[in-house]
Amino acid sequence: MRFAGRMYRAGKFWLAEVPILDAMTQGYTRKETFEMVADLVETLADQDGFSVTVHAGRNGTFEVGSSDTRTMVSLLLQRQRELSGLSLAQVANRLGVSSKNAYARYERGSSVPTVEKLNELLHAVAPDRDFVLTESQART
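The numbers attached to residues start from 1 for each chain and follow its sequence in the written order. Only residues with pLDDT of at least 70 are given local features in this predicted model, and only at 80 or more are side-chain atom pairs given and counted; all residues enter the totals for whole chains, interfaces and linings. Side-chain numbers here rest on the full set of heavy atoms in the structure, without hydrogens or water.

A. Seen up close, unusual backbone geometry. Residue Asp-22 is not a glycine yet carries a positive backbone phi of 50°. We count a stretch as a helix when DSSP gives it H or I for four or more residues in a row; a strand needs E for two or more, and each element gets its number in order from the N terminus. Position of Asp-22 relative to the elements: it lies in the loop between strand S2 (13-18) and strand S3 (23-27). Residue Asp-46 is not a glycine yet carries a positive backbone phi of 50°. Structurally, Asp-46 is set in the loop between helix H1 (30-45) and strand S4 (53-56). What makes Asp-46 exposed here is its relative accessible area of 63%. Accessible area is worked out with a 1.4 Å probe on protein chains only. A residue is then buried under 20% of its type maximum, exposed over 50%, and partly exposed in between.

B. Fine view of the packing of helix H2 (residues 69-84) against helix H5 (residues 115-125). Remark: H2 packs on H5, axes separated minimally by 8 Å, with the N-to-C direction vectors making an angle of 20°. By the angle between their directions, the pair H2 and H5 is classed as roughly parallel. When H2 is examined against H5, the residues Val-73, Leu-76, Leu-77, Gln-80, Arg-81 and Ser-84 are found in contact with a partner set consisting of Leu-118, Leu-121, Leu-122 and Val-125. Each axis is a line fitted through C-alpha atoms, and for a helix only the stretch in contact is used; angles between axes span 0 to 180 degrees, taken between their N-to-C directions. These descriptions rest on fixed angle ranges, namely under 35 degrees for roughly parallel, over 145 for roughly antiparallel, 65 to 115 for roughly perpendicular, and the rest for oblique. The contact definition used throughout considers only heavy atoms, calling two residues in contact when any of these lie within 4.5 Å.

C. Summary view of the layout of surface pockets. Put simply, the largest pocket is a space of about 840 Å³. Each cavity reported here is a set of points on a 1 Å grid over the protein atoms alone in which a 1.4 Å probe fits but cannot get out, each pocket an open set with protein on both sides within 12 Å along at least five of seven lines, and each lining residue one with an atom within 4 Å of a point. Around the largest pocket, the lining is made up of 29 residues, and of these Arg-2, Ile-20, Val-132, Leu-133 and Thr-134 lie nearest the centre. Of all the elements in the fold, those that place two or more residues in the lining of the largest pocket are strand S1 (2-10), strand S5 (61-65) and H5. Its residues assigned to classes, the lining of the largest pocket comprises 15 nonpolar, eight polar and six charged. Grid points are joined across faces, edges and corners, and a volume is the space filled by probe spheres set on the points. Throughout, the ten residues Ala, Val, Leu, Ile, Met, Phe, Trp, Tyr, Cys and Pro are labelled nonpolar, Asp, Glu, Lys and Arg are labelled charged, and all others, Gly among them, are labelled polar.

D. A look at the pairing of S4. Strands qualify as paired when DSSP identifies two bridges or more between them. Summarising the sheet, S4 and S5 pair through four bridges and their orientation is antiparallel. When the bridges of S5 are listed, Thr-53 appears paired with Gly-65. Linking two consecutive strands that pair antiparallel, namely S4 and S5, is a turn of four residues; a positive phi of about 55° is found at Asn-59 within it.

E. Seen up close, the pattern of salt bridges. The rule for a salt bridge is simple: a side-chain nitrogen of Lys or Arg has to be within 4 Å of a carboxyl oxygen of Asp or Glu. Under the definition given, this model contains five salt bridges. Close ionic contact of Arg-79 with Glu-82 constitutes a salt bridge, the shortest N to O distance being 3.9 Å. Of this pair, Arg-79 and Glu-82 both sit in helix H2, three residues apart, which is roughly one turn of that helix. Assessed through its relative accessible area of 38%, Glu-82 is described here as partly exposed. Of the charged contacts, one joins Glu-107 and Arg-81 as a salt bridge, the two residues approaching to 2.7 Å between their closest N and O atoms.

Spatial relationships are all this shows, so hold off on functional conclusions.
Set out below in structure tokens:
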């Protein structure tokens, strides 16, 4: 699984953002900025042994990804819930379930949702946002 990002020059720095995670970092060189992106995502995930790879794209784009889909989905759900300012209980209520653990197991990475379930979970945590799946444009 990969998340799209973009990088651009701002003065003496290269800035990189991963919009779906609402995350940004910077570096003095493109290489250093890619390293900072990887460190940022790994730090946000906060899972022992979790690592990501940054794949350069074209025209300032890149993708940050990992074969650890469970942790990537967990990170996505947690960040989107936090961006929406919702508690676990509020998300459970939006899903129509009585226990916050029904949702929390996905955010903790205890369960990996199907595509249909992921869509339902994302709609519960971010009902005002649309998420677009796209084919990778990065060079691997």
